[in-house]
Amino acid sequence: METRVTDQSAPFASPQFINPDTPRLLLIDGQWRPSASGKTFSTSDPSTGRIVASIAEGSERDVDMAVAAARRAFEGAWRKFKPFERQRLLLRLADLVDEHFEELATIETIDMGAPITRTRGGRQRVVGLIRFYAGLATAIHGETIENSIAGEVFSYTLKEPVGVVGAIVPWNSPIGLGIWKIAPALATGCTVVLKPAEQASLSLLRLGELICEAGFPDGVFNVVTGFGNVGAALSAHPDVNKITFTGSTETGQAIIRASAGNVKRLSLELGGKSPDIVFADADIEAAALGAANAVFVNSGQMCIAGSRLYVEHGIYDEFVARVAEYGANMRVGAPLDPDTQMGPLVSGEQLDRVTGYMAAGVREGARAVTGGARLHGAAWSQGFFVPPTVFAGVKDSMSIAREEIFGPVISAMPFTDIDDVIHRANDTAFGLGSGVWTRDVGKAHRVSAAIQSGTVWVNCYLPLDPAVPFGGYKMSGYGRESGIHHVDEFLNVKSVFLKTA
Ligand code: NAD
């Protein structure tokens, strides 16, 4: 099947913020400043290879300065802010982000290649997250607890912000993933040093400007851009109290090791290889569309991608053909074009990774029903484009069925019955997302209970909500984002025993 293309050459306006002649600086203690080394690195538009900005390259010295500023703010001005005042600032930030969302979405699309319809579509979620945590800022409370101690001893708990938080994010959805860490940290009274991903820092740097404009005191929010060494320095820093990380499992493991020096608090949102299970009694049309979107959205660069597609054997051929047809009909192309459904991969490195897995799939005996190799030809030559890909005839043991590809690649496998599929769905190191498509409520319930993953979607895939917890089992990480308990990840519990007589 052929992939449809949108016009790569159409001119689309860039926001003023994207200007290669104006280097983007680090935010430390309320000031935008060059890195201590004076070094910069460039970031490019993955659909054209055009360099769009130069960015200050932070190092360990910048991390030290940012952490010192965050510590001063934590123990100084910010500590005196009452919950209502923190809430007011977060609500102001939500309004600013809402007002500037088109600009933020455009910057993100240019920087990391997600279609503009996707980045624009994040408005409700991103603004909603900030408002949700603004609400929680005034709802943090300890407990009074009846004890059995002899005499008159009153016991209660206090919830206190953990202190300086290092927030490290990947490139696949910078604003959404960044806000998911920044907003709860600020709601609880922590201060933040943010490390954006080197591949896509620009939208978070613009967010930094909006955070300053909202009126947060100097040093409460800092940004140190750069490479992995910046994240490593934050993770090992003796004066950082907590790291909240989203990224690969390998980096998560490095952070666990680095954090041991001062026994930091950690929350880790890591990789996935999520099963999406389709029973023969499902609404096949809805399931096929859902299974395709579960992977092809954002070019498959999603931790929750339902990339292991298990289909009940009686409908396997027909169902796989439908998913492949949907993929083949997606419009791949210039991400700023509102007709584009799938943009490029984020980088040449990611292109090599994804095409490497495509080649491995073929080598290991799978059959590409659609896609299966890099897109060639003049329209694609500058960018990192691959087509939506569906592999049939996949075995559980193949690398494309076991390893996270982080690209638009579906590995489709038939299953015989519910026990077979539960066993095989759980036979993975990961446990982030999962999907079940069936009209049988009992079957849906049984699979949901048996699946070892932090989220199960039944007859849908991908929806997330600020009020509903999200996180991983097994090597997909620990800690939960969203939900009213997310703020506890940024709080210490102090127990007080008070002898009253
Ligand atoms: P990555 O782990 O390579 O990088 C993530 C961030 O960590 C970047 O900012 C990077 O500079 C930084 N980093 C690199 N080395 C570091 C080190 N030694 N110490 C500290 N920080 C370091 O991940 P990526 O390739 O940018 O993102 C893709 C991965 O993220 C995939 O595995 C995906 O599944 C995962 N992800 C998970 C979730 C989730 O919620 N579970 C969401 C999105 C992405």
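We now turn to the structure provided with this report.

The rules behind the values
Residues numbered from 1 in each chain as written. Predicted model: local features only at pLDDT ≥ 70, side-chain atom pairs only at ≥ 80, totals over all residues. Heavy atoms only, no water. Helix = DSSP H or I, 4+ residues; strand = E, 2+ residues; numbered from the N terminus. Rg over C-alpha atoms; globule rule 2.2 N^0.38 Å. Buried < 20%, exposed > 50% of the residue type's maximum accessible area, 1.4 Å probe, protein only. Areas by Shrake-Rupley, 256 points an atom, 1.4 Å probe, with all protein chains shown as cover. Phe/Tyr/Trp six-rings, centres within 6.5 Å; stacked < 30°, edge-to-face > 60°. Lys NZ or Arg CZ within 6 Å of the ring centre and 35° of its normal. Axes fitted to C-alpha atoms, helices over the stretch in contact; angles between N-to-C directions. Parallel < 35°, antiparallel > 145°, perpendicular 65-115°, else oblique. Left-handed = near helix turned anticlockwise from the far one by under 90°. Contact = heavy atoms within 4.5 Å. Nonpolar A, V, L, I, M, F, W, Y, C, P; charged D, E, K, R; others polar.

### Regarding the overall build of the chain
When helices and strands are counted, the chain shows 15 helices and 22 strands. Taking 23 Å as the expected radius of gyration for a compact globule of 501 residues, we find that the chain reaches 23 Å, a close match to that expectation. Overall, the C-alpha framework of the chain stretches about 75 × 65 × 40 Å when taken along its three principal axes. Evaluated residue by residue, the chain yields a buried proportion of 57% over its 501 residues. For the chain, the computed accessible surface area is about 19,400 Å², with 54% contributed by carbon and sulfur atoms.

### Considering the packing of aromatic side chains
In this description, a pair of aromatic rings is defined by centroid distance and the angle of the planes. Tallied over the entire structure, the rule returns 10 aromatic pairs. Ring geometry for tryptophan 78 against phenylalanine 81: centres 5.0 Å apart, planes inclined by 45°, an arrangement best described as tilted. Summarising the aromatic geometry, the rings of tryptophan 180 and phenylalanine 470 are spaced 5.3 Å apart at their centres and angled 25° between planes, so their arrangement reads as stacked. Note that tryptophan 180 is positioned in helix α6 (residues 174-188) and phenylalanine 470 in the loop between β20 (457-458) and β21 (477-478), a separation of 290 residues in sequence. Classification of phenylalanine 470 by relative accessible area gives buried; the value is 3%. Following the ring pairs from residue to residue traces out a cluster consisting of Trp78, Phe81 and Phe216. The aromatic ring of phenylalanine 17 is capped on one face by arginine 24, whose charged end is 3.9 Å from the ring centroid.

### Considering the packing of helix α10 (residues 284-296) against helix α11 (residues 316-328)
Between α10 and α11, whose axes approach to 9 Å, the crossing angle comes to 55°. The angle between the axes of α10 and α11 places the two elements in the oblique class. As α10 runs across α11, the sense of the crossing is right-handed. Contacts between α10 and α11 pair Ile284, Glu285, Ala287, Ala288, Leu289, Ala291, Ala292, Asn293 and Phe296 from the former with Glu318, Phe319, Arg322, Val323, Tyr326 and Gly327 from the latter. Classifying every residue of the contact of α10 with α11 gives 10 nonpolar, 2 polar and 3 charged.

Purely geometric numbers; function is a separate question.
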